[in-house]
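# Descriptive structure summary
Residue-level listing of the chains:
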Amino acid sequence: MGVSEISNRSERADRRPGRMSRRGVLAVLGTVPAAVLTGCSGSADASEGTDAKAGASTKAEVKTPTVTVTPADGTKKAGFTSPVEVTVSDGTLASVEVSGNDGSTLAGSFNDARTKWTSTKNPYSGTKYTVTATPKGAAAQSASFVTKQPSDTFVGYFTPEANSTSGVGMPVSINFTEAVKDRAAVEKAITVTAEPSVEVVGHWFSDTRLDFRPEEYWAAGTKITLSLRLKDVEGTTGVYGTQSKDVTFHIGRRQISTVDLAKKTMTVERDGSTLASYPVSGGDADHTTWSGIMVISERFKQTRMESSTVGLGDEYDISDVPHAQRLTTSGTFIHGNYWASTSVFGSTNTSHGCVGLHDAKGANDSSVPGYKFYAASMLGDVVVVKNSGEKTVEASNGLNGWNLSWADWKAGSAL
């Protein structure tokens, strides 16, 4: 009975307005998560719309990398005295290639952030370049420009001739068509290498002449390579070099001839052995012969010699001097002589400064010393004159830099 009352009381209580049984409360509470998920479901739909708009906004903010090239794309007369630069905004550079229509390419390097690339060397003048830059994760971008031609230029004329064979005394001598003010820049652009290897150093004799030699005579059989990289090198303000080439020379056998004017003889040594000995006649007391080391720089089977060309008035004019080989720019030769008595050679110095050997008119008699010595000689052979009564020839007077000590020679380099 008591149970029934409790039960009825409970039912009555359940029917009161605003009142819930504990089970009802739990039941309602049990529906809260569902309402929240339902609400979340509705919110999720709204959020998806919001996220979509945000995503679209984010995509709109992602920018395509932009490449900028200096000199600018399309430039027709670009400068050639500054490196090529490539920069990128809104990205990084994966690669850069710069190629010229002459087949050349420009190497370069990136900054740490890989947002800038700079060529290692300047572009060449008068050349069309194509730049291809690829940003990381993006398509390659291209640009092109043409560099201008310099208005004033210079070149270097070199001795000996390309592919020639010379004696062991032949220096590499370069004469420039314009005076060089920036000697260091020009000398740096020229290298002379030898096989077998030996140190080779340049020496400036003037603003227009630069010679190269090793400390001692070249070894017989040496291969010499002259590398000219003068193109666009500014030798003087506004004047640029034009050459970019390699030239090869060869050294033949070693021949050293020693003229002793006290004895009036010349001894010819080849590769360490005596080849011949000839009686000679040198300069007289009023026209002494230069002493020192001289190199044969020109050869003529026959040539005209006129005293007025060397400041001696009208003392002589011989149209057919045989077997003449130049030793100095100022006019010293070793040559054949057919007009003097045979008895002069080996006994008296009678010339105006040259070294003479007995010879025949017409230069065709192979039995005479003049012919024989000429036939045995080549450009670059060394002729040493001693006991002449004259001072040592200036190193710049001909190809005669061997008269300078190695220390003095190196002191004449601009590097």
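Because the structure is predicted, anything quoted here is derived from the model rather than measured.

Take the environment of Thr-237 next. Topologically, Thr-237 is positioned in the loop between β16 (234–236) and β17 (239–241). Overall, the relative accessible area of 71% leaves Thr-237 in the exposed class. C-alpha separation for the pair Thr-237 and Asp-182, spaced 55 residues apart in sequence, amounts to 8.7 Å.

Next up on the list: empty space enclosed by the protein. Under the definition given, this model contains one cavity of 30 Å³ or more. Computed from the structure, the largest cavity encloses a volume of approximately 40 Å³. Pro-160, Ser-166, Met-170, Pro-171, Val-172, Trp-218, Ile-224, Phe-249, His-250 and Ile-251 together form the lining of the largest cavity. The residue inventory of the lining of the largest cavity, partitioned by class, reads eight nonpolar, two polar and no charged.

Per-residue confidence for the protein gives a mean pLDDT of 89; residues scoring 70 or more make up 86%. For the stretch residues 1–50, pLDDT sits under 50, and the model shows five contacts to residues farther than four places along the chain or on other chains.

The subject of this paragraph is the pattern of salt bridges. Side chains bearing opposite charge may pair, as long as their charged atoms lie close to each other. Under the definition given, this model contains ten salt bridges. Put simply, Lys-361 and Asp-320 hold a salt bridge, and the shortest N to O gap is 2.6 Å. Taken together, the residues span a long stretch of sequence, with Lys-361 in the loop between β26 (355–358) and α4 (369–376) and Asp-320 in strand β24 (residues 317–326) at a distance of 41 residues. When its relative accessible area of 57% is taken as the criterion, Lys-361 is described as exposed.

What counts and what doesn't
- Residues numbered from 1 in each chain as written.
- Predicted model: local features only at pLDDT ≥ 70, side-chain atom pairs only at ≥ 80, totals over all residues.
- Heavy atoms only, no water.
- Helix = DSSP H or I, 4+ residues; strand = E, 2+ residues; numbered from the N terminus.
- Buried < 20%, exposed > 50% of the residue type's maximum accessible area, 1.4 Å probe, protein only.
- 1 Å grid on protein atoms, 1.4 Å probe; cavity = no way out; pocket = protein on both sides within 12 Å on 5 of 7 lines; lining within 4 Å.
- Points joined across faces, edges and corners; volume = space filled by probe spheres on them.
- Nonpolar A, V, L, I, M, F, W, Y, C, P; charged D, E, K, R; others polar.
- pLDDT = per-residue confidence, 0-100.
- Contact = heavy atoms within 4.5 Å.
- Salt bridge = Lys/Arg side-chain N within 4 Å of Asp/Glu carboxyl O.

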